[in-house]
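Chain residues, written in single-letter form:
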Amino acid sequence: MSDAGYDKQQAGEAGEIARLLSYVLTLLASAGLFVSANAIPISRFEQLGAGAFPKIVFAGIALVALIAIVEALRKIPAGAYGRFARQTLAWAGRRYLVFVTLGALAVYLVLIPVLGFSIASFLFILGLELVLMPRRAATLLVAVIVAAVFSFGLNWLFAEGFTVFLPRGVF
Amino acid sequence: MDSFLSGLVQIFTLATLIYMFAGSIAGIIAAAIPGFTVTMAIVLTLPLTFTMEPLQGIAVMLSVYVGGYTGGLISAALLGIPGTPSSVATTFDAFPMARRGEPGRALSLGIWASFFGTVISTLVLIVAAPPLAMFAVKLGPWEYFSLIVFALTIVASLVGDSVIRGMLAGLIGLGISTVGTDPIMGRPRFDFGIEMLQAGLPFLVVLIGIFAISQLTSEVEDPKSVRSGNALVTGAIDFQTWQVMKEVLMRPVNLIRSSVVGVLIGALPGAGGSIANLVAYDQAKRNSKDPESFGKGNPDGVVASEAGNSATAGGGLIPLIGLGIPGSAVDAILMAALMVHGISVGPRLIMDHADLVYGMFIAMAVASLMMLIVSVLSMRLFLRVAEVPKWLIVPVVMVCCVVGSFALNNRVSDLYLLGFVGVAGYTLRALGYSLAPLVLGVILGPIAETNLRRALMTDADPTLFLTRPVSLIFLMLAVISIAWAIRGHLKHRKPSGRSTDASAS
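Each chain carries its own residue numbering, running from 1 in the direction its sequence is written. All chains are assigned letters beginning with A, and all ligands numbers beginning with 1, in the order in which they are written. With pLDDT at 70 or above as the cut-off, local features in this predicted model cover only qualifying residues; side-chain atom pairs require 80 or more to be listed or tallied, and sums for whole chains, interfaces and linings still use all residues. Hydrogen atoms and water are omitted, and side-chain values are computed over all heavy atoms in the structure.

A. Representation of the overall build of chain B. Counting its regular elements, chain B contains 24 helices and 0 strands. In this analysis, two residues are considered to be in contact whenever any of their non-hydrogen atoms come within 4.5 Å of each other. Summarising the internal contacts of chain B: among those between residues at least 6 apart in sequence, 80% fall at separations of at least 24. By the criteria applied, helices consist of DSSP H or I runs no shorter than four residues and strands consist of E runs no shorter than two, each listed in order from the N terminus.

B. Quick look at the overall build of chain A. Per the secondary structure count, chain A includes 6 helices and 0 strands. For chain A, buried positions account for 44% of its 171 residues. The contacts of chain A with a sequence gap of at least 6 include a subset with a gap of at least 24, amounting to 64%. Carbon and sulfur atoms provide 73% of the accessible area of chain A, an area that totals close to 8700 Å². Between buried and exposed lies partly exposed: a residue is buried under 20% and exposed over 50% of the maximum accessible area for its type, with that area taken using a 1.4 Å probe on protein chains only. Residue exposure ignores everything except the shown protein chains as possible cover, and the areas themselves are Shrake-Rupley values with a 1.4 Å probe.

C. Examining the interface of chain A and chain B more closely. Each partner contributes residues to the interface: chain A has 73 residues there, and chain B has 62 residues. Accessible area that two parts lose when put together, evaluated with a 1.4 Å probe and summed over both, is termed the buried area. Buried surface at the junction of chain A and chain B, both sides included, amounts to about 5900 Å², of which 75% is carbon and sulfur. Here, a salt bridge means any Lys or Arg side-chain nitrogen found within 4 Å of an Asp or Glu carboxyl oxygen. The interface formed by chain A and chain B contains 1 salt bridge. Between Glu221 of chain B and Arg95 of chain A there is a salt bridge whose closest N-O contact spans 3.9 Å. Think of a polar contact as two N or O atoms within 3.5 Å of one another; within protein, one of them needs to be a possible hydrogen donor and the other a possible acceptor, and neighboring residues in sequence only count if both atoms come from side chains. For the interface between chain A and chain B, the tally reads 5 residue pairs in polar contact (both at pLDDT 80 or more). Secondary-structure elements contributing two or more residues to the side of chain A that touches chain B are helix H1 (8-38), helix H2 (52-75), helix H3 (80-94), helix H4 (96-115), helix H5 (117-132) and helix H6 (137-161) of chain A. Per-element tally for the side of chain A that touches chain B: the top contributor is H2 of chain A, with 13 residues. All residues other than Ala, Val, Leu, Ile, Met, Phe, Trp, Tyr, Cys, Pro, Asp, Glu, Lys and Arg, Gly among them, are scored as polar; the first ten of these are nonpolar and the last four charged. Considering only residue class, the side of chain A that touches chain B consists of 50 nonpolar, 13 polar and 10 charged.

D. Structural detail: H4 of chain A. Multiplying 1.5 Å by the residue count of a helix minus one yields the expected span of that helix. For H4 of chain A, with 20 residues, the first-to-last C-alpha span of 27 Å sits near the 28 Å given by 1.5 Å per residue. The term bend refers to the angle at a residue between two fitted axes, each drawn through seven residues, those ending there and those starting there. Considering bend angle alone, the principal kink of H4 of chain A is centred on Leu109 of chain A and spans about 25°; proline Pro113 of chain A follows within four residues of it. Of all the residues in H4 of chain A, the buried ones are Leu97, Val98, Thr101, Leu102, Leu105, Tyr108, Leu109, Ile112 and Leu115 of chain A. Summarising the contacts, the buried residues of H4 of chain A are in contact with H5 of chain A together with helix H11 (203-219), helix H12 (223-227), helix H20 (390-409) and helix H21 (413-430) of chain B. Two residues or fewer past H4 of chain A, Gly116 of chain A is found with a positive phi of approximately 90°.

E. Seen up close, the packing of H1 of chain A against H2 of chain A. Residues and elements named next belong to chain A. Lines fitted to C-alpha atoms define the axes here, with helix axes fitted over just the stretch in contact, and angles between the N-to-C directions of these axes take values from 0 to 180 degrees. For the pair H1 and H2, interaxial distance at closest approach is 8 Å and the crossing angle is 155°. As the angle between them shows, H1 and H2 are arranged roughly antiparallel. The handedness of the crossing between H1 and H2 comes out as left-handed. Here the residues of the contact of H1 with H2 sort into 18 nonpolar, 3 polar and 3 charged. Working rule for angles: under 35 degrees goes down as roughly parallel, over 145 as roughly antiparallel, 65 to 115 as roughly perpendicular, anything else as oblique. Note: crossing handedness is left-handed where the near helix turns anticlockwise from the far helix by less than a right angle, and right-handed where it turns clockwise.

F. The arrangement of the confidence of the model for chain B in detail. On average, residues of chain B score 81 in pLDDT, and 86% of them are at 70 or above. Per-residue confidence from the prediction method is given by pLDDT, with values spanning 0 to 100. Taken together, the stretch residues 496-505 of chain B has pLDDT below 50 and engages in 25 contacts with residues farther than four places along the chain or on a different chain.

G. Summary view of the packing of aromatic side chains. Residue and element names in this part refer to chain A. Stacked, tilted and edge-to-face are the three classes assigned to paired rings of Phe, Tyr and Trp, where Trp is represented by its six-membered ring and a pair needs centres within 6.5 Å; plane angles under 30 degrees give stacked, over 60 edge-to-face, the rest tilted. Scanning all chains against the criterion turns up 13 aromatic pairs over all chains. On the numbers, 6.4 Å between centres and 85° between planes, the contact of Trp91 with Phe99 is edge-to-face. You can call Trp91 buried: its relative accessible area is 10%.

H. Up close: unusual backbone geometry. Residue and element names in this part refer to chain B. Non-glycine residue Phe190 carries a positive phi angle of around 45°. With respect to the helices, strands and loops of the structure, Phe190 is situated in the loop between helix H9 (163-177) and helix H10 (195-198). By relative accessible area, Phe190 is classed as buried at 8%. Within the chain, Phe192 stands out as a residue other than glycine whose phi angle is a positive 50°. Here Phe192 lies in the loop between H9 and H10.

I. Molecular detail of the state of the cysteines. By convention in this document, the label disulfide applies to cysteine sulfur atom pairs within 2.5 Å. Following the criterion strictly, the structure yields 0 disulfides over all chains and no others. Distance from the sulfur of Cys400 of chain B, which forms no disulfide, to the nearest cysteine sulfur (Cys401 of chain B) is 7.0 Å.

J. Geometry of the side chain of Glu306 of chain B. All names here are of chain B. Residue position: Glu306 is located in helix H16 (residues 299-323). Within the buried core, Glu306 has no salt-bridge partner, and the shortest N-O distance to an opposite charge, that of Arg251, equals 14 Å. Polar contacts involving the side chain of Glu306 include one to the side chain of Thr90, which spans 2.7 Å. Those residues in contact with Glu306 that sit more than four places away from it in its chain are Tyr69, Thr70, Leu73, Ser87, Thr90, Gly110, Ala113 and Ser114. Counting rule for charge: Lys and Arg are taken as positive, Asp and Glu as negative, and neither His nor the chain ends is counted.

K. Local environment of the environment of Val330 of chain B. Residues and elements named next belong to chain B. When you line up the elements, Val330 lands in helix H17 (residues 329-340). Under the relative-accessibility criterion, Val330 is labelled buried at 6%. If near-sequence neighbours (up to four positions away) are discounted, Val330 is found in contact with Thr39, Ile42 and Tyr65.

L. Structural detail: the pattern of salt bridges. All names here are of chain B. This structure, assessed with the given rule, holds 16 salt bridges over all chains. Glu102 is the partner of Arg105 in a salt bridge, and the nearest nitrogen-oxygen pair spans 3.3 Å. Taking the relative accessible area as the measure of exposure, Arg105 reaches 14% and is therefore buried. One salt bridge connects Lys390 with Glu219, and the closest N-O pair in it is separated by 3.8 Å. Separated by 171 residues along the polypeptide, Lys390 in helix H20 and Glu219 in helix H11 bring together distant segments of the chain. Neither residue differs from the other here; Lys390 and Glu219 are each classed as buried. It is possible to trace a salt-bridge network through shared partners that takes in Arg100, Glu102, Arg105, Glu247, Arg251 and Asp300.

M. Up close: the confidence of the model for chain A. Across chain A, the average pLDDT comes to 89, with 96% of residues at 70 or higher. H3 of chain A is the least confidently modelled element of chain A, averaging 88 in pLDDT, while H4 of chain A averages 95, the highest of any element.

N. How the structure looks around a nonpolar patch on the surface. Residues and elements named next belong to chain B. Within the patch definition used here, like charges are joined within 9 Å and nonpolar side chains (Val, Leu, Ile, Met, Phe, Trp, Tyr) within 5 Å, considering only residues with over 30% relative accessible area and no salt bridge. Side chains of Phe21, Ile25, Ile29, Leu369, Ile373 and Leu377 sit close together on the surface and give an oily, nonpolar patch of about 530 Å² of accessible area. Listing elements by their share of the nonpolar patch, those giving two or more residues are helix H2 (14-32) and helix H19 (354-382). By relative accessible area, which is 66% here, Leu377 ends up exposed.

O. Representation of the environment of Leu201 of chain B within the structure. All names here are of chain B. Looking at the secondary structure, you find Leu201 in the loop between H10 and H11. C-alpha separation for the pair Leu201 and Leu417, spaced 216 residues apart in sequence, amounts to 8.5 Å. In contact with Leu201, not counting residues within four places along its chain, are Ile176, Val179, Val206 and Leu417.

P. Just the nonpolar core, in detail. Side-chain atoms within 4.5 Å link the members of a nonpolar core, which is a set of buried Ala, Val, Leu, Ile, Met, Phe, Trp, Tyr and Cys residues. Among the nonpolar cores identified, the biggest contains 123 residues, and Tyr108, Phe124 and Leu132 of chain A together with Leu168, Ile210, Val399 and Phe465 of chain B are the most heavily contacted of them. The leading source of residues in this core is H20 of chain B, at 13 residues. A domain-level breakdown of this core finds at least three residues from each of domain 1 (8-93) and domain 2 (96-161) of chain A. Those residues in contact with Ile210 of chain B that sit more than four places away from it in its chain are Val421, Gly425, Leu435, Leu438 and Val439 of chain B. By size, the runner-up hydrophobic cluster in this structure holds 71 residues, among which are Ala41, Val64, Ile333 and Leu334 of chain B. Domain start and stop positions are those given by an automatic or database domain assignment.

Below, the structure written as structure tokens:
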């Protein structure tokens, strides 16, 4: 979480807090999965049941996460927690294209079964290209051609060449 | 000798050579598309070989196989996305090398290493197929489990900046591998009533999401760089064919060691290129005088990974030819292709169809040469990828990832999983987790669990892991490997002091 023009130390501390949160989440998830592994029935035909290996793994995750939490808590100064929300927002602001891209991907994946692969892919590629491309008229034509080739063209190639039929949609 | 000449004559017909050439091109292109594996390419080739002579059909499939192992390096080097699981380690050094302005050299290194790896493995195959096959089949679940424990210690050298986060990522990978039906008794685990999770998380979708989606997303972090129309890879696009060939040959120890690792791992049923490239990379790094430069574009890393994964092609044929046991999914398809032609694969194969077996050896050598020719001739075309600006390549490759994920099982739910894993992968990347140990955990988890439980089902005595000599050797190697890694980290820490670990992205 550090970029030019920002306080690197404060961004680093915020990064460490974000990692601390990830360790805590990992610890909670592994503890929960460890408990649910206990509920997996044990077969009388084998010494280790279906839940034994997961329990070993999740106990290991919990142990390492705990060590990571202790190490992270030692690194983070007390004042850093108060600045965390502001630093995180600033980080997210600097990387707004990441969120746009992931959002577009999510919408695209949801639309594939509805619109079909070709139309959804055409809209996704063209839409994302329009967001990411330099603002020049010449690039627009390239963007449209590429979107058409990698949506309708790819669908045709897979259907005719490999007999793999991509989702056709409800229309 | 008659059988050898018969095999030679069958391979060196114009029709067979043309088919093999087409197979090489198909394999390279297929593996270059993220998510489209060598296995998928071979499955699609199988129906085309039904009308061919048995050896002709097998030769075409071997060309796709050898070409596919090389094709994976194209997207690994240029996009930082492993085209196949067997090229995961290739991304570690080939991608940084391409990024710092040497995309041609990165590709050329990988191609030559693949070529020599395949040639070395073919030589080993000819000499050692019967005795190695006998050794591999004698290994029980104790030895396999110990081997996987040894392989897991590789995580120690893939952890990146932080040992703790690397270990956590490896363990999370093992945890992911436990989702779905358990491999021994078929009991449901951690599916939470979701149908998609009942069969376990499809490995390929996880791989594409973790590596490809997170890598592509991180490409658009800097709006200025994207909007200026910058290409993904910049610098001189010079393939440097002969110069790089000499460069690869100047690393004989690394080349031979990595190829031998590939052959040995390929010969073990259940293992394969996906493990061989990581083990070979790890060995190269440990034995290097300059291990710090690994992961930053060290040519030894590219050579090790590509020689290692390509050598498994020959190694995998050892148990197939010697005993009729397929070492990987691809070998199983090759076996199916032989069975379609009424040839039973087993210990008598080399006695009953010696011409076919020798023909396969020759086909391997010819396929590697064809792969080299196709690569050298077409690589300039592939290098055009490097000139494509980010704003074009990011959405297009994302769509290719979607196609690869869907085509695997024809399930729309896999696409949702892809999106979810992609977001998780980017989050982990942004938080400074190393993603390679996670993938290693996902690959090795089921093999480790199956063999641990199988061993204890066969005999409840756990001391057998220590009293069986081969198992003990693997466990001792694991201990040595961990000690070596700890020594390396302590050594690294001393001069640089405490890592501040400030940046999360």
